[in-house]
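Each chain, letter by letter, is given below.
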Amino acid sequence: MFHMEFKKLTVVIPCFNEASTLREIVGRVLLADTCDLITEVVIIDDASTDNSHEIAMDLANNDSRINVLQHEKNQGKGAALRNGFKSGTGDIFIIQDADLEYDPNEFVKLLRPILDGSADVVYGSRFRGSETTRVIYFWHSVGNKFLTLLSNMFSNLNLSDMETCYKAFRRDIIQSIPLNESRFGFEPEVTAKLVKLSPKPRVYEVGISYRGRTYSDGKKVGWRDGVHALICIIRYNLFS
């Protein structure tokens, strides 16, 4: 039985130079099964140098559920998410990347624990369960698992995929967290700060599919981001 106080879903889409996939992913989001929640899509164009902004505005002009924000200077994914969280009006927020690595048809998996009153936050794990996953980049998976393990040691959570894009939050939870990281440090920062909230939110994890892209396809995360994530885990767990 779903809790009827949750009536609206906000999907936050940070976007930087994703003109080749933006229109398709937004279309998939709007067609996804969202448990009959009213859908709001907030696209944050992080000063793209391709025509991502023009595509986003065209989408917004043709669908009142879509809102577009634009950064004059490129600030990073974390900064885009901060602005998306501030402007969103939904009862629940889900993060969706502007590429095609994550499938919006799986929103229902992330939403269900919140809608049935069990969870306040849900992570979608690429390493849990038997979902379809593209086989790619061994050392990326090793790095992700290492960062998750280190984060778990500090936070006392037992996540299998801290670095996942797919995260769903109750609005009051995510809007209560002061976020600082402007790039990919968002993932370890938000995880560290979640467990410091009082009362502690109920965190769940569900298995999701993943169709990772290569660097030639436009993948942006590199080893420097992994090093910075390591620093963020220590900083926000020990000193924040």
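Structural data are supplied above this passage.
The notes below deal with the structure included here. Remember, it's a predicted structure, so these values are computed and weren't measured experimentally.

1. Considerations on the packing of helix 1 (residues 22-31) against helix 2 (residues 52-61)
Here comes step 1: It is the contact of helix 1 with helix 2, at a shortest axis distance of 10 Å, that shows an interaxial angle of 30 degrees. When the interaxial angle is binned, helix 1 and helix 2 end up roughly parallel. Helix 2 is crossed by helix 1, and the crossing has right-handed handedness. Between helix 1 and helix 2, the residues in contact are Leu22, Arg23 and Val26 and Ser52, Ile55, Ala56, Asp58 and Leu59, respectively.
Here comes step 2: Here the residues of the contact of helix 1 with helix 2 sort into 5 nonpolar, 1 polar and 2 charged.

2. Quick look at the pairing of strand 5 (residues 121-125)
Here comes step 1: The element strand 5 is extensively covered by neighbouring structure, given that 5 of its 5 residues are classed as buried.
Here comes step 2: Residues Val121, Tyr123 and Ser125 point to one face of strand 5 and Val122 and Gly124 to the other, with burial holding for every one of them.
Here comes step 3: Of the strand pairs in this sheet, strand 5 and strand 7 (residues 203-207) are connected by 5 bridges, and their pairing is parallel. Counted as the bridge partner of Ser125 is Gly207 from strand 7.

3. Remarks on unusual backbone geometry
Here comes step 1: Cis geometry is adopted by the peptide bond preceding Pro199, which originates at Ser198 and carries an omega value of 0 degrees.
Here comes step 2: Mapped onto the fold, Pro199 is located in the loop between helix 7 (186-194) and strand 7.
Here comes step 3: A positive phi angle, close to 60 degrees, is found at Ala47, a residue other than glycine.

4. Considering the pattern of salt bridges
Here comes step 1: Tallied over the full model, the rule gives 15 salt bridges.
Here comes step 2: Between Asp58 and Arg23 there is a salt bridge, with its nearest N and O atoms 3.0 Å apart. With Asp58 in helix 2 and Arg23 in helix 1, the pair connects residues that are 35 residues apart, well separated along the chain.
Here comes step 3: For Lys77, the salt bridge identified is with Glu187, shortest N-O distance 3.7 Å.

5. Looking at helix 1
Here comes step 1: Of all the residues in helix 1, the buried ones are Leu22, Ile25, Val26 and Val29. Projected down its long axis, helix 1 shows its buried positions confined to an angular sector of 100 degrees, all on one face.
Here comes step 2: Those residues of helix 1 that are buried are in contact with strand 1 (8-15), strand 2 (38-45), helix 2, strand 3 (66-70) and helix 4 (107-115).

Definitions and limits used
- Residues numbered from 1 in each chain as written.
- Predicted model: local features only at pLDDT ≥ 70, side-chain atom pairs only at ≥ 80, totals over all residues.
- Heavy atoms only, no water.
- Axes fitted to C-alpha atoms, helices over the stretch in contact; angles between N-to-C directions.
- Helix = DSSP H or I, 4+ residues; strand = E, 2+ residues; numbered from the N terminus.
- Parallel < 35°, antiparallel > 145°, perpendicular 65-115°, else oblique.
- Left-handed = near helix turned anticlockwise from the far one by under 90°.
- Contact = heavy atoms within 4.5 Å.
- Nonpolar A, V, L, I, M, F, W, Y, C, P; charged D, E, K, R; others polar.
- Buried < 20%, exposed > 50% of the residue type's maximum accessible area, 1.4 Å probe, protein only.
- Pairing = 2+ DSSP bridges.
- Salt bridge = Lys/Arg side-chain N within 4 Å of Asp/Glu carboxyl O.
- Arc of directions from axis to C-beta.

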